[in-house]
Amino acid sequence: MSMFCRQCEQAAKGTGCEVVGVCGKNPEVAALLDLMMYGLKGLAIYADKAREFGASSMVADMFLIEGLFTTVTNVDFDPVQLAGKLRKCYDQKEQVKAMYESAYRAKNGAAAPAITDGPAAWVIADNLEGLVAQGQAHGVKSQHSDPDILSAIEIIIYGLKGMAAYANHAYILGKTDEEVFAFFHKALAATTDASKGLMDFVGIAMECGKLNIKVMEMLNTGHVEHYGHPVPTKVQLGTRKNKGILVSGHDLRMLEELLKQTEGKGIDIYTHGEMLPAHGYPGLKKYSHLYGNFGGAWQDQAKEFPNFPGAIIFNTNCIQRPADSYKDRLFTWGEVGWPGAKHLTGYKFDEVINKALECPDLPDAPGQEILTGFGHNAVLGVADKVIEAVKAGAVKHFFLIGGCDGAKSGRNYYTEFAEKVPKDCVILTLACGKFRFNKLEFGDIGGIPRLLDVGQCNDAYSAVQIALALAGAFNCGINDLPLSFILSWYEQKAHVILLSLLYLGVKNIKLGPALPAYLSPNVLQFLVDNFNIGQIGSADADLQASLA
Ligand code: FSO
Ligand code: SF4
């Protein structure tokens, strides 16, 4: 059985995974995920049409977002779980179809024209084998025969996947938005519309970047309303002697519920990877058993988790194949799935808590402390000081060195770059790429730390707010600021943030370690011509170019 996927930075040979995913996705799972995309397009087509008649369904709107999130890299590898989600997808599509047809009839007094082919007409197979066969017939390349249009369609689809992950987190915090739902449907339906041309799709991709800013803002508001503005906070690394649960992913609400349920139980809670910034939120740091952060970025989990003898739970990506040594104490939650790992739903964490209590104590091995919590509120709170420092020449340049980490050796570039940034420059960072350099000592400039951890990948919103405030203070555009974007990407959330930056008109971004395999030569040229985006080169040359 073969497969084809090139949605993440790991795409095999820089072109696409065809035998098995570098992420661990096998052809069966790849086909089920392709079928999920096909089914979601069918759902979107009907939801888009129903909206024209003022009809919508919150259940279907949210399912579409969860379904897209499911297809993000390193989220769901469980064929049985995926088959269940496909059944739900089909049911939702049929329900929205019925909703549309009745809204149409009510308005026009006649039956809606039937859609007899494409994803809207999909009828679900009744067993796993059939689902896999259906998925194989609707793979990535089947979406368009023109390589440039296919490239633009993939840019939109991966953008929608990334945005769905953020929209899902925002929903969990009570934030939804009608314009966002409508865009998901319109954009996904448009990818099946043969009458659309390349520039139509380029326009939709830019709109995706725009809407993603709104979604990240909703998520930011949700975080702040629930947990307060992040404040600069020292985070303990390593472990201490006690029972422990390690929480990986991005979801703060899930962490909060677990913190509540473990209070007074003799269990310490540790963050992993992108959960690190949780320590900066007043509403979470108030729990004294939120002890510290264990391990580095996601790609080191199989090497590091055997050294964490407690229970481990993933609430979002990036999960990898678990080693046997910790598989029996690994739990998944939300859209995450791994065959054989116990999946928890809702906010009942008894099983993971009981597992932690059964496990041996963690070793008494505390490490150093690092700083997090420099969201836009904290940074703009000292804006006067920062602006003064720039005016006085004490701060010459800002670098946003952010994005995802990954396994490739070329990612050492980011460590080297951060180390070589001159002492009179400030580094803003976010997402899991920071684990490459966040334990290094950068010092400060007149009390302003030289390394400011803005937060998770979605806190790109905060970074944009900081950049906009600086631009306002200096009465110039973002591109005129002494600010360079040195970005690393891995999966679709980083991709949609890139679309947001392009929508904001940010130019001269350096992206790496490799450029996306789904950019056709012409589409890449378009991005170079319009945004002067470029692949990272050598740290020295890129640094020199930024400071020139
Ligand atoms: Fe990293 Fe994974 Fe946050 Fe991504 S943990 S790679 S861009 O999921 O979302 O930064
Ligand atoms: Fe390959 Fe990335 Fe697709 Fe996994 S998600 S199959 S690593 S391109």
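Per-chain numbering applies: the sequence of each chain, read as written, is numbered from 1 onward. All chains are assigned letters beginning at A, and all ligands numbers beginning at 1, according to the order in which they are written. Given that this is a predicted model, residues contribute local features only at a pLDDT of at least 70 and side-chain atom pairs are listed and counted only at 80 or more, while totals for whole chains, interfaces and linings are drawn from all residues. Working from all heavy atoms in the structure, the side-chain values ignore hydrogens and water.

> Pulling in residues and values, what's your account of the site of ligand 1?
Only a single heavy atom is needed: when it lies within 4 Å of a molecule or strand, its residue is near that molecule or strand. Taken together, 13 residues lie around ligand 1, and H250, E274, C318, C432 and E491 are the ones closest in. Any pair of nitrogen or oxygen atoms within 3.5 Å is treated as a polar contact; in protein, a donor-acceptor pairing is required on top of that, and neighbouring residues in sequence qualify only through side-chain atoms on both sides. Between ligand 1 and E274, the relevant distance is 3.0 Å, taken from an oxygen atom to a side-chain nitrogen or oxygen of the residue. K493 has a polar side-chain atom sitting 3.2 Å from an oxygen atom of ligand 1. Here the shell around ligand 1 is built from residues that sort into eight nonpolar, two polar and three charged. Domain delimitation in this document rests on an assignment produced automatically or drawn from a domain database. Composition of the shell around ligand 1 by domain shows at least three residues from each of domain 2 (233-358) and domain 3 (375-547). Charged residues are taken to be Asp, Glu, Lys and Arg, nonpolar residues to be Ala, Val, Leu, Ile, Met, Phe, Trp, Tyr, Cys and Pro, and polar residues to be all remaining types, Gly included.

> Tell me about the sheet that holds strand β9 (residues 397-403), and name the residues and values.
Sheet architecture is open: six strands sit in the order β13-β10-β9-β14-β15-β16, paired in parallel fashion. Sheet topology places β13 (451-455) and β16 (534-535) at the edges, where each strand pairs with a single neighbour. As paired elements, β9 and strand β10 (residues 425-430) share four bridges and run parallel to each other. Counted as the bridge partner of F399 is I427 from β10. Sitting on the sheet, helix α15 (residues 412-420) is in contact with β9, β10, β14 (483-488) and β15 (510-512), with an inclination near 155° to β14. Pairing between two strands is assigned when DSSP locates at least 2 bridges connecting them. Helix and strand definitions follow DSSP, with helices as H or I runs of at least four residues and strands as E runs of at least two, each counted in order from the N terminus. For this analysis, residues touch if any pair of their heavy atoms sits within 4.5 Å. All axes are obtained by fitting lines to C-alpha atoms, using only the stretch in contact for helices, and the reported angles, taken between N-to-C directions, cover 0 to 180 degrees.

> Could you give an account of the domain arrangement of the chain, naming the residues involved and the relevant values?
Along its sequence, the chain is organised into domain 1 (12-225), domain 2 (233-358) and domain 3 (375-547). On a C-alpha basis, the centres of domain 2 and domain 3 stand 29 Å from each other. If you look at the interface, domain 2 gives 18 residues, while domain 3 gives 19 residues. Counting each side, the surface lost to burial between domain 2 and domain 3 is near 1,300 Å², with a carbon and sulfur contribution of 61%. Considering only the side of domain 2, the residues that lose the most area to domain 3 are E274, W298 and Q299, jointly responsible for 39% of the buried surface there. By buried area we mean how much accessible surface two parts lose on assembly, using a 1.4 Å probe and totalling the loss over both.

> Describe the site of ligand 2, naming the residues involved and giving the relevant values.
Not every one of the 13 residues close to ligand 2 is listed here, only the nearest: C5, C8, C17, C23 and T73. In the shell around ligand 2, the residues fall into seven nonpolar, four polar and two charged.

> Tell me about the packing of aromatic side chains, residues and numbers included.
In summary, the pairing rule links any two rings of Phe, Tyr or Trp, Trp by its six-membered ring, whose centres are within 6.5 Å, and it sorts them by plane angle into stacked for under 30 degrees, edge-to-face for over 60 and tilted for everything else. Considering all chains together, one arrives at 21 aromatic pairs under this definition. Centroid distance Y270 to Y291: 5.3 Å. Interplanar angle 65°. Geometry classified as edge-to-face. You can see Y270 sitting in strand β3 (residues 267-272) and its partner Y291 sitting in strand β4 (residues 290-293), a full 21 residues away along the chain. This pair shows no difference in class: Y270 is buried, exactly as Y291 is. Exposure classes here rest on a 1.4 Å probe applied to the protein chains alone. A residue is buried below 20% of its type maximum, exposed above 50%, and partly exposed in between.

> Provide a residue-level description of the layout of surface pockets, including the pertinent values.
Considering only enclosed or pocket space, the largest pocket measures out at about 430 Å³ in volume. Of the two site types, the cavity is a set of points on a 1 Å grid over the protein atoms alone where a 1.4 Å probe fits but cannot get out, and the pocket is an open set with protein on both sides within 12 Å along at least five of seven lines, each lined by residues with an atom within 4 Å of a point. Taken together, 24 residues line the largest pocket, and the ones lying closest to its centre are E66, G334, E335, H343 and T345. Among the elements that take part in the lining of the largest pocket, helix α2 (residues 58-70) stands out by supplying five residues, more than any other. Here the residues of the lining of the largest pocket are counted per class, giving seven nonpolar, 12 polar and five charged. Summarising the domain contributions, the lining of the largest pocket has at least three residues from each of domain 1 (12-225) and domain 2 (233-358). Grid points are joined across faces, edges and corners, and a volume is the space filled by probe spheres set on the points.

> Help me get a handle on the state of the cysteines, residues and values and all.
Disulfide: a pair of cysteine sulfur atoms within 2.5 Å of each other. If you walk through the whole model with that rule in mind, you get zero disulfides. Its sulfur unpaired, C425 is 16 Å from the next cysteine sulfur, which belongs to C476. A residue is classified by how much of its surface remains accessible, and C425, at 1% relative accessible area, is buried.

> Explain unusual backbone geometry residue by residue, including any values.
Across the junction of N317 and C318, the peptide omega takes the value 20°, indicating a cis bond. Relative to the assigned elements, C318 resides in the loop between β5 (311-314) and α11 (324-327). The omega torsion of the bond from G512 to P513 falls at 5°, within 30 degrees of zero and hence cis. Within the secondary structure, P513 sits in the loop between β15 and α18 (521-531). Although it is not a glycine, N74 adopts a positive phi angle of roughly 65°. Locating N74 in the fold gives a position in the loop between α2 and α3 (79-108). Residue N74 is classed as buried on the basis of its relative accessible area of 2%. Phi at N532 takes a positive value of approximately 50°, unusual for a residue other than glycine.

> Can you break down the side chain of K243 residue by residue, with the values?
Assignment of secondary structure puts K243 in strand β2 (residues 243-248). A polar atom in the side chain of K243 sits 2.6 Å from the backbone oxygen of C359. Within polar-contact distance, the side chain of K243 engages the side chain of D361 at 3.4 Å. Other than its neighbours up to four places away in sequence, K243 contacts G266, I267, D268, A356, L357, C359, P360, D361 and L362.

> Describe in detail the UniProt feature "binding site: hybrid [4Fe-2O-2S] cluster" (unreviewed entry) in the chain, supporting the description with residues and values.
UniProt positions are given in the numbering used here, feature names are shortened, and annotations may be inferred rather than shown by experiment. Feature annotation in UniProt places "binding site: hybrid [4Fe-2O-2S] cluster" (unreviewed entry) on H250, E274, C318, C404, C432, C457, E491 and K493, given in this structure's numbering. Taken together, the annotated residues stretch across 244 residues yet fold into one region, lying no more than 14.0 Å apart by C-alpha. Lining the largest cavity, from the set of annotated residues above, are C404 and C457. By the element assignment, E274 lies in the loop between β3 and α9 (282-285). Among all residues touching E274, those that are not within four sequence positions of it are G249, H250, A431, C432, K434, G455, Q456 and C457. In this structure, E491 sits in the loop between β14 and α17 (492-503). For E491, the side chain forms a polar contact with the main-chain nitrogen of K493, separated by 2.8 Å.

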